[in-house]
Amino acid sequence: MQGRFRTIVAGALLGTALLAGAAGVAGAQDAKHTIVTVVKLSGIAWFNRMEEGVKEFAADTGNDATQVGAATADAALQIQLIEDLIARGVDAITVVPNSPQALEPVLKRALDNDIVVVGHEGADLQNITYDIEAFDNAAYGEHLMERLATEMGGEGEYAVFVGYLTSNTHNQWVDAAIAYQKEKYPNMTLVVDKLESEEQQQTAYQKTRELLRTHPNLKGIQGSAGEDVVGAAIAVEEAGLSGKVKIVGTSLPSVSGPYLESGEIAMISFWDPAKAGYAMNVVAAKALNGESIEDGSDLGVEGYDKVKLDGKVIYGQAWVDVTAENMDQYDF
């Protein structure tokens, strides 16, 4: 059973045609820049996939684009990485924050040092040049809850996971989902406050085991971090509750595929981290070249080809839903 806790990572690499069209947009840029993407943590499928997009951007444009991340999802370690990048004098930093609030001071220092800052999963960040989101967070949370409610028959007890209580994006999804449930599905009941998985499959598994012991009538779980749904699925399977507890949430096929196939997970939704990584770097390079992003701009990346601008926040339309029926279309 221990082997099942390990993330299943797809072996297929990002194809050169995956981000078709993006090279034409970003490749026209003449200036070469040093752009570093700082992720929540290294070594998990989500950010491994994002790094493929960063590398693809570098190959397409000739910019020095790389990705770094700590071994654990720790805001203090992210701050240290960003401080090091400021000291190096990089041209731009793109960041997926563990705790947006905690990063504000160091991001301000980056801006004060004339470094472009682009956030992702950080729509509330203040000290940024831009933040780019794959979609409107409230709409995404409502979408996940609608599917969970459908799976549960519109009634019964459920629970929700976030990576961290400080993860703004996860909380925006879940807050919108809960509000939507209360309005549309009053016969559903949230049994506990938001559960933190710490972005770890093992933690989600342990907390789901406890949840199933204390709430034997539980019918549904919604996950936010990429590993949540798998940790929950393993616990549900072990408890002999397959088919009785419905699971939906954000993940990747390479992580959750076996449990989609077995039916333990009803549906996952996600945006392609590679495309998000590519799009962040496009935005950073445009800002460095003195170009502004406008409502309706085409970043040359699928899902980000007609963006909406709200202040400094750029919204794409990039989520996809995957079930056992269509999972074979995705090799990551």
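What counts, and where the lines are drawn
Residues numbered from 1 in each chain as written. Predicted model: local features only at pLDDT ≥ 70, side-chain atom pairs only at ≥ 80, totals over all residues. Heavy atoms only, no water. UniProt positions renumbered as here; feature names shortened; annotations may be inferred. Core = buried A, V, L, I, M, F, W, Y, C linked by side-chain atoms within 4.5 Å. Buried < 20%, exposed > 50% of the residue type's maximum accessible area, 1.4 Å probe, protein only. Helix = DSSP H or I, 4+ residues; strand = E, 2+ residues; numbered from the N terminus. Contact = heavy atoms within 4.5 Å. Axes fitted to C-alpha atoms, helices over the stretch in contact; angles between N-to-C directions. Parallel < 35°, antiparallel > 145°, perpendicular 65-115°, else oblique. Left-handed = near helix turned anticlockwise from the far one by under 90°. Nonpolar A, V, L, I, M, F, W, Y, C, P; charged D, E, K, R; others polar. Phe/Tyr/Trp six-rings, centres within 6.5 Å; stacked < 30°, edge-to-face > 60°. Lys NZ or Arg CZ within 6 Å of the ring centre and 35° of its normal. Pairing = 2+ DSSP bridges. Polar contact = N/O pair within 3.5 Å; in protein donor to acceptor, adjacent residues only side chain to side chain.

Looking up the chain in an unreviewed UniProt entry gives the name Simple sugar transport system substrate-binding protein, with the organism given as Aureimonas altamirensis DSM 21988. The Sequence similarities (unreviewed entry) field of the UniProt record for the chain holds the comment "Belongs to the bacterial solute-binding protein 2 family." We quote the UniProt Subcellular location (unreviewed entry) comment for the chain here in full: "Periplasm".

Draft legend 1. Summary view of the nonpolar core. Ranked by size, the top nonpolar core spans 87 residues in total, and within it Ile-132, Ile-265, Trp-271, Leu-299 and Tyr-304 carry the most contacts. If you tally residues by element for this core, the top one is helix 10 (residues 273-288), at 9 residues. Here Ile-132 is in contact with Val-118, Gly-119, His-120, Glu-121, Ala-279, Met-280, Val-283, Leu-299, Tyr-304 and Ile-314, once residues within four sequence places are set aside. Formed by 17 residues, the second largest nonpolar core is a distinct cluster that contains Ile-86, Val-117, Leu-125 and Ile-128.

Draft legend 2. Spotlight on the UniProt feature "domain: Periplasmic binding protein" (unreviewed entry) in the chain. As recorded in UniProt, the feature "domain: Periplasmic binding protein" (unreviewed entry) lies at residues 35-291. The span residues 35-291 is 50% helical and 19% strand by assignment, and the distance between its end C-alpha atoms comes to 16 Å.

Draft legend 3. Just the packing of helix 8 (residues 228-238) against helix 9 (residues 253-262), in detail. Contact geometry for helix 8 and helix 9: axes closest at 9 Å, N-to-C directions at 30°. One element, helix 8, and the other, helix 9, form an angle in the roughly parallel class. Every pair of crossing elements has a handedness; the one defined by helix 8 and helix 9 is left-handed. Where helix 8 abuts helix 9, its residues Val-229, Val-230, Ala-233, Ile-234 and Glu-237 lie against Val-255, Ser-256 and Tyr-259. For the contact of helix 8 with helix 9, the class distribution of residues is 6 nonpolar, 1 polar and 1 charged.

Draft legend 4. Spotlight on the packing of aromatic side chains. A full pass over the atoms with the stated rule returns 13 aromatic pairs. Here the aromatic cluster, defined as three or more aromatic residues joined through ring pairs, consists of Trp-46, Phe-135, Tyr-140, Trp-173, Trp-271 and Trp-319. Above the face of the Phe-332 ring, Arg-49 is positioned so that its terminal group lies 3.6 Å from the ring centre.

Draft legend 5. The arrangement of the pairing of strand 4 (residues 116-120) in detail. Across the 5 residues that make up strand 4, a large majority, 5, are buried. The alternating pattern of strand 4 places Val-116, Val-118 and His-120 on one face and Val-117 and Gly-119 on the opposite face, and all of these are buried. Both strand 3 (residues 92-95) and strand 4 contribute to a ladder of 4 bridges, which runs parallel. Within strand 4, the residue paired with Thr-94 across the bridge is Val-118. In the sheet, strand 4 pairs with strand 5 (residues 130-133) via 3 bridges, with the strands oriented parallel. Of the residues in strand 5, the one forming a bridge with Val-118 is Tyr-130.

Draft legend 6. Seen up close, the side chain of Thr-37. Within the secondary structure, Thr-37 is located in strand 1 (residues 34-38). Among the polar contacts made by the side chain of Thr-37, one reaches the side chain of Thr-94 at a distance of 2.5 Å. Contact partners of Thr-37, with chain neighbours within four places excluded, come to Met-50, Val-54, Thr-66, Gln-67, Val-68, Thr-94, Met-280 and Asn-281.

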